[in-house]
Amino acid sequence: MSARWRNRITDRPHTVETLSMGLLLAFTLGGVILTRAVAVEEPVELWPGLALSVLACAALLRRRSRPLLVLLVTTGCVIAEGFLGYLLTPLLMGPMLVAQYTVSLRPDRRTTWSSALAAAAGIACTGFVVTDAHEWIIGLVNPAAWVLMAALFGSYVRVRREYAMARAEHAAQERDEEARRRVIHERMRIARELHDVVAHHLALANAQAGTAAHLARTHPDQAIVMIEKLPDVTASALRELKATVGLLRQETDAKELAPAPGLEQLPRLVETCASAGLDVTVTTEGRPHALTPGLNLTAYRIVQEALTNVTKHAATPSARVRLIYTPHYLTLTVTNDIGSRPASAADIHGRGRGFGLLGMRERALSAGGTFHAGPRPGGGFEVACSLPLPRSEESTS
């Protein structure tokens, strides 16, 4: 059935009901006329059968509100027609079969099969009384089997509907769960981005301000230089924060957005750290690979957060960044020689108040890599992660 005709049937339920009842009445009256034509030796009265058929079809109009009562009326009409000598054919039993099918659609299975067995027993008793012994298969077994088949078919349709409803509810629950997971994931991603932007720049600004205050009395010229560089750090923080919040305020996805930061901006990050008094050395080993935007952002944020932790926790303002490219992995290592303050060790496992190491670990694991952070055997602190490199066709796409 095409969608056009399905929509027409859905939009015109009363018309469909009228046509269905008219067609059923025609089949039932045909069963009465067929009995009249077949019964040549013992002709039966035509009008009682027609009246009972019309009454049974008229009772079907209330089958949805009073299904058991309608089944009782239609069964009584069929039994009366059987005692009048009519052949209990599927045509004649049409209203009763429809009523039994309607009862079987109800969720109460006990009522369904109790009514079906009662109706089949009534039809069987009628056939047993009015049919000769050699015709019991036609007059007794066959009508009762049609009743049970109608009940079985109605039960099958009911089960299919219940299954479809259960699948629809399960699909709706899965969609809700997936939407909830996406929201949580997006919130975590936004939290990581905001933490990386704000924590990094504020840590550098705090370091610059503290250094300037320390040098104000002994070396005022150096303090002035340090203070002059402070607006650059805060301006950079405001730009990244504005870009991040600006994406959240957009109602639709924009086609032209500012590119996300990546390892190509690592020299600028080193300059920003140098303005805060942090000496950063960057070394690259192996042939650099083209990175996907997501992996490039992950690598940059891990280096940025690691340098932020050095600025906040390290005893000496120096750090080394190593980028090691292999055919399948990019290994990032950020180390400082002198040990960090002991309180930062709790952050390694995400139990401290800070979220820097936890955010770096989540970024590395989300990219399919590994992450490690902890004190070095010879002193100092090290952050190391290994990120899987994309295949050539992925990096060029």
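Residue positions are given per chain, counted from 1 along the sequence in the order it is written. With the structure being a predicted model, the display of local features is reserved for residues of pLDDT at least 70 and the display and counting of side-chain atom pairs for 80 or more, all residues being used for whole-chain, interface and lining totals. Calculation of side-chain values draws on the structure's entire complement of heavy atoms; hydrogens and water are dropped beforehand.

**Examining the overall build of the protein chain**
Secondary structure elements follow DSSP: runs of H or I of four or more residues count as helices, runs of E of two or more count as strands, with numbering from the N terminus. When its secondary structure is counted, the protein chain shows 12 helices and 5 strands. Within the protein chain, buried positions represent 38% of all 397 residues. Surface exposure here means Shrake-Rupley accessible area, sampled with a 1.4 Å probe, where a residue is shielded only by the protein chains that are shown. For the protein chain, the accessible area works out to roughly 23,800 Å², and carbon and sulfur atoms hold 62% of it. Residue exposure (1.4 Å probe, protein chains only): buried if accessible area is under 20% of the type maximum, exposed if over 50%, otherwise partly exposed.

**Description of the environment of Ala99**
Counting through the fold element by element, Ala99 comes out in helix α5 (residues 94-104). Classification of Ala99 as buried rests on a relative accessible area of 1%. Sequence separation between Ala99 and Thr74 is 25 residues; the distance between their C-alpha atoms is 7.4 Å. The contact criterion used throughout is that any non-hydrogen atoms of two residues lie within 4.5 Å. Setting aside its immediate chain neighbours within four residues, Ala99 contacts Leu60, Val70, Leu71 and Thr74.

**Brief notes about the environment of Leu50**
Along the chain, Leu50 turns up in helix α3 (residues 46-59). Along the backbone, Leu50 and Leu25 are 25 residues apart, and their C-alpha atoms lie at a distance of 9.7 Å. Apart from the residues lying within four places of it in its own chain, the contact partners of Leu50 are Leu29 and Val32.

**Quick word on the confidence of the model for the protein chain**
pLDDT gives the predictor's per-residue confidence on a scale running from 0 to 100. On average, residues of the protein chain score 78 in pLDDT, and 77% of them are at 70 or above. Within the protein chain, the lowest mean pLDDT, 50, falls on helix α12 (residues 392-395), and the highest, 92, falls on α5. The model gives residues 340-353 a pLDDT under 50, and that stretch makes 17 contacts with residues more than four places away or in other chains. Across residues 393-397, confidence stays below pLDDT 50; counting only partners more than four residues off in sequence or on other chains, it has 4 contacts.

**Quick notes on the pattern of salt bridges**
Opposite charge on two side chains lets them pair, provided their charged atoms get close. Every case where a carboxyl oxygen of Asp or Glu lies within 4 Å of a side-chain nitrogen of Lys or Arg is listed as a salt bridge. A full pass over the atoms with the stated rule returns 6 salt bridges. For the salt bridge of Arg158 with Glu162, the shortest nitrogen-to-oxygen distance reads 3.7 Å. A residue pair is termed a helical-turn pair when its members lie 3 or 4 positions apart in one helix, as Arg158 and Glu162 do in helix α7 (residues 136-215) at 4 residues. With a relative accessible area of 4%, Arg158 lands in the buried category. Sharing partners across several salt bridges, the network here consists of Arg109, Arg158 and Glu162.

**Side note on the sheet that holds strand β2 (residues 318-325)**
Note: two strands are recorded as paired if DSSP finds a minimum of 2 bridges between them. Read from one edge to the other, the open sheet built from 5 strands follows the order β1-β2-β3-β5-β4, with strand pairing classed as mixed. Only two strands of the sheet have a single partner each, and these edge strands are β1 (279-285) and β4 (370-375). Neighbour-to-neighbour, the strand axes of this sheet turn through a mean angle of 10 degrees, independent of strand direction. Note that β1 and β2 share 7 bridges and pair parallel. Looking at the pairing, Glu285 lines up with Ile324 of β2. Interaxial angles span 0 to 180 degrees and are taken between N-to-C directions of axes, which are lines fitted to C-alpha atoms, for helices over the stretch in contact.

**Some points on a nonpolar patch on the surface**
Each patch is built from salt-bridge-free residues with over 30% relative accessible area, joining like charges within 9 Å and nonpolar side chains (Val, Leu, Ile, Met, Phe, Trp, Tyr) within 5 Å. A grouping of Leu23, Phe27, Leu34, Val38, Leu87 and Leu91 is seen on the molecular surface, where their side chains present a nonpolar patch of about 520 Å² in accessible area. Here Leu91 lies in the loop between α4 (67-83) and α5.

**Here we look at the packing of α3 against α4**
Where α3 contacts α4, the two axes come as close as 9 Å, and the packing angle between them is 165 degrees. On the basis of their axis angle, the class for α3 and α4 is roughly antiparallel. Two packed elements cross with a definite hand, and for α3 against α4 that hand is left-handed. From α3, Gly49, Leu52, Ser53, Leu55, Ala56 and Ala59 reach across to α4, where they touch Val70, Val73, Thr74, Cys77, Ala80 and Glu81. Here the residues of the contact of α3 with α4 are counted per class, giving 8 nonpolar, 3 polar and 1 charged. Under this scheme an angle from 65 to 115 degrees is roughly perpendicular, one under 35 degrees roughly parallel, and one over 145 degrees roughly antiparallel; angles in between are oblique. In this scheme the crossing of two helices becomes right-handed for a clockwise turn of the near helix relative to the far one and left-handed for an anticlockwise turn of less than a right angle. Gly counts as polar in this scheme, as do all residues outside two lists: the nonpolar Ala, Val, Leu, Ile, Met, Phe, Trp, Tyr, Cys and Pro, and the charged Asp, Glu, Lys and Arg.

**Quick notes on the pairing of strand β5 (residues 381-388)**
The buried fraction of β5 amounts to 6 of the 8 residues, a majority that puts the element mostly inside the structure. Here β4 hands over to β5 after 5 residues, with Gly379 in that stretch at a positive phi of 105 degrees.

**Points about α4**
An ideal rise of 1.5 Å per residue puts 24 Å on 17 residues; α4 measures up with 24 Å between its terminal C-alpha atoms. The complete set of buried residues in α4 reads Pro67, Val70, Leu71, Thr74, Thr75, Cys77, Val78, Glu81 and Gly82. End-on, the buried residues of α4 take up no more than an arc of 155 degrees, which puts them together on one face. Packing partners of the buried residues in α4 comprise α2 (13-38), α3, α5 and α6 (109-130). One less than the number of residues in a helix, times 1.5 Å, gives the span that helix is expected to have. In this description, the arc belongs to the directions extending from the helix axis to the C-beta atoms.

**Looking at the nonpolar core**
One finds Leu307, Leu330, Leu332, Phe371 and Val383 to be the most contacted residues of the largest nonpolar core, which totals 36 residues. For this core, the elements supplying multiple residues, two or more each, are α7, α9 (266-275), α10 (293-313), β2, β3 (329-336), α11 (356-366), β4 and β5. The element contributing the most residues to this core is α10, with 8 residues. For Val383, the residues in contact, after removing those within four places along its chain, are Ala306, Leu332, Thr333, Val334, Leu357, Met360, Phe371, His372 and Ala373. Ranked by size, the runner-up nonpolar core spans 18 residues in total, among them Val44, Tyr86, Leu92 and Ala144. Nonpolar core, defined: a set of buried Ala, Val, Leu, Ile, Met, Phe, Trp, Tyr and Cys residues in which side-chain atoms within 4.5 Å join the residues together.

**Examining α9**
For α9, every residue scored as buried is listed here: Leu266, Leu269, Val270, Thr272, Cys273 and Ser275. One or two steps after α9, the chain reaches Gly277, where phi turns positive at roughly 90 degrees.

**Describing the side chain of Thr333**
Among the secondary structure elements, Thr333 is positioned in strand β3. For Thr333, a relative accessible area of 12% translates into the label buried. Those residues within four positions of Thr333 in sequence are excluded, and the remaining contacts are Arg320, Val321, Arg322, Glu382, Val383 and Ala384.

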